[in-house]
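Take a look at the letters that make up each chain.
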Amino acid sequence: MGTISRKIDHFFSKRSFITNGPCADLGTTQEDKDHLFFAIADVAGHGHEAHKLSLVIKKYLVKNHKKNLLDLMYGLHALLKGSRGAVGVAGLLTKKTGAVEYVGVGNISMRKFGKKDRRIISNEGILGYVIRTLKIQSLQLAVDDVLLLYTDGIRDYFNRSECPKGFFDRDATHIVKGIMKQFYKGNDDAACIAIRYKND
């Protein structure tokens, strides 16, 4: 799914490492006039049971995306108690300013590509098991910056130089599809969200 508005362009995609099998990774974007909510998560394990839990998580995120981010993530942690658990990031982009607030738990990769590239580290832990005290963190997007989030089915780190020239100048759909194709590891489910801040 993806959409292009005057201020942002965003796209999400996922894939299972099992041919024609269910995917335990998930993501969602929810846009209103002033904000874009985004979230991505990776359920522990693979197969049908993990996929079922991913549907529960996505339903929760869609239903509660207007909550304060801390309340949202602590609520998700409580929801997942006794389950196989998950890692994830949830965030909110303010369209007018490019300000991003986010809360992350576990090994979700989050990177900013622009005039100044940046790698963002989430808190250690597993939702549903043990997590550290959560804090809302922030970053600032400039015009044409790209925010990229992906699960560990995608190679954790790659250099901009490994991508085709002008890759991060393309639309969010092109970026996600390119990342999923070039850096997919092939031994795990994968999901990826790209958000370009346009503000035009």
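The structure contained in this document is the topic of the report that follows. (Residues numbered from 1 in each chain as written. Predicted model: local features only at pLDDT ≥ 70, side-chain atom pairs only at ≥ 80, totals over all residues. Heavy atoms only, no water.)

### Observations regarding the environment of Asp152
In step 1: Within the secondary structure, Asp152 is located in the loop between strand E10 (146–150) and helix H3 (172–182).
In step 2: For the pair Asp152 and Val100, spaced 52 residues apart in sequence, the C-alpha separation works out to 22 Å.
In step 3: Beyond its immediate chain neighbours, meaning those up to four positions away, Asp152 contacts Asp42, Asn107, Lys185 and Asp188.
In step 4: At a separation of 3.1 Å, a polar atom in the side chain of Asp152 contacts the side chain of Asn107. (Helix = DSSP H or I, 4+ residues; strand = E, 2+ residues; numbered from the N terminus. Contact = heavy atoms within 4.5 Å. Polar contact = N/O pair within 3.5 Å; in protein donor to acceptor, adjacent residues only side chain to side chain.)

### Examining the side chain of Lys95
In step 1: Its location among the elements puts Lys95 in the loop between strand E5 (86–94) and strand E6 (99–105).
In step 2: Discounting chain neighbours no more than four positions away, the residues touching Lys95 are Lys7, Ile8, Glu31, Asp32, Lys33, Asp34, His35, Tyr197 and Asn199.

### Concerning the sheet that holds E6
In step 1: Ordered by their spatial adjacency, five strands build an open sheet running E3-E4-E5-E6-E9, and the pairing between neighbours is antiparallel. The sheet is open, and its two edges are formed by strand E3 (25–31) and strand E9 (137–140), each paired on a single side. Strand-to-strand twist of the sheet, defined as the mean angle between neighbouring strand axes without regard to direction, takes the value 15°.
In step 2: Bridge analysis of E6 against E9 gives four bridges, and the strand direction is antiparallel. (Pairing = 2+ DSSP bridges. Axes fitted to C-alpha atoms, helices over the stretch in contact; angles between N-to-C directions.)

### What about the nonpolar core?
In step 1: Membership of the largest hydrophobic core comes to 23 residues, with the highest contact counts inside it found for Val43, Ile57 and Leu61.
In step 2: Listed by contribution, the elements that provide at least two residues to this core are strand E4 (35–43), helix H1 (47–64), helix H2 (69–79), E5 and E6.
In step 3: Ignoring anything within four residues of it in the chain, the contact list for Leu61 reads Leu26, Thr28, Phe37, Ala39, Leu72 and Leu76.
In step 4: Counting 21 residues, the second-largest nonpolar core is a separate cluster that includes Ile8, Leu36, Val89 and Ile108. (Core = buried A, V, L, I, M, F, W, Y, C linked by side-chain atoms within 4.5 Å. Buried < 20%, exposed > 50% of the residue type's maximum accessible area, 1.4 Å probe, protein only.)

### Some points on the pattern of salt bridges
In step 1: Under the definition given, this model contains nine salt bridges.
In step 2: Here Asp117 and Arg160 are joined by a salt bridge, their closest N and O atoms 2.8 Å apart. Within this pair, whereas Asp117 is found in the loop between strand E7 (109–113) and strand E8 (118–120), its partner Arg160 is found in the loop between E10 and H3, the two being separated by 43 residues in sequence.
In step 3: A salt bridge links Arg155 to Glu162, with the nearest nitrogen and oxygen atoms 3.0 Å apart.
In step 4: Judged by its relative accessible area of 33%, Arg155 falls in the partly exposed class.
In step 5: A relative accessible area of 30% means that Glu162 is categorised as partly exposed. (Salt bridge = Lys/Arg side-chain N within 4 Å of Asp/Glu carboxyl O.)

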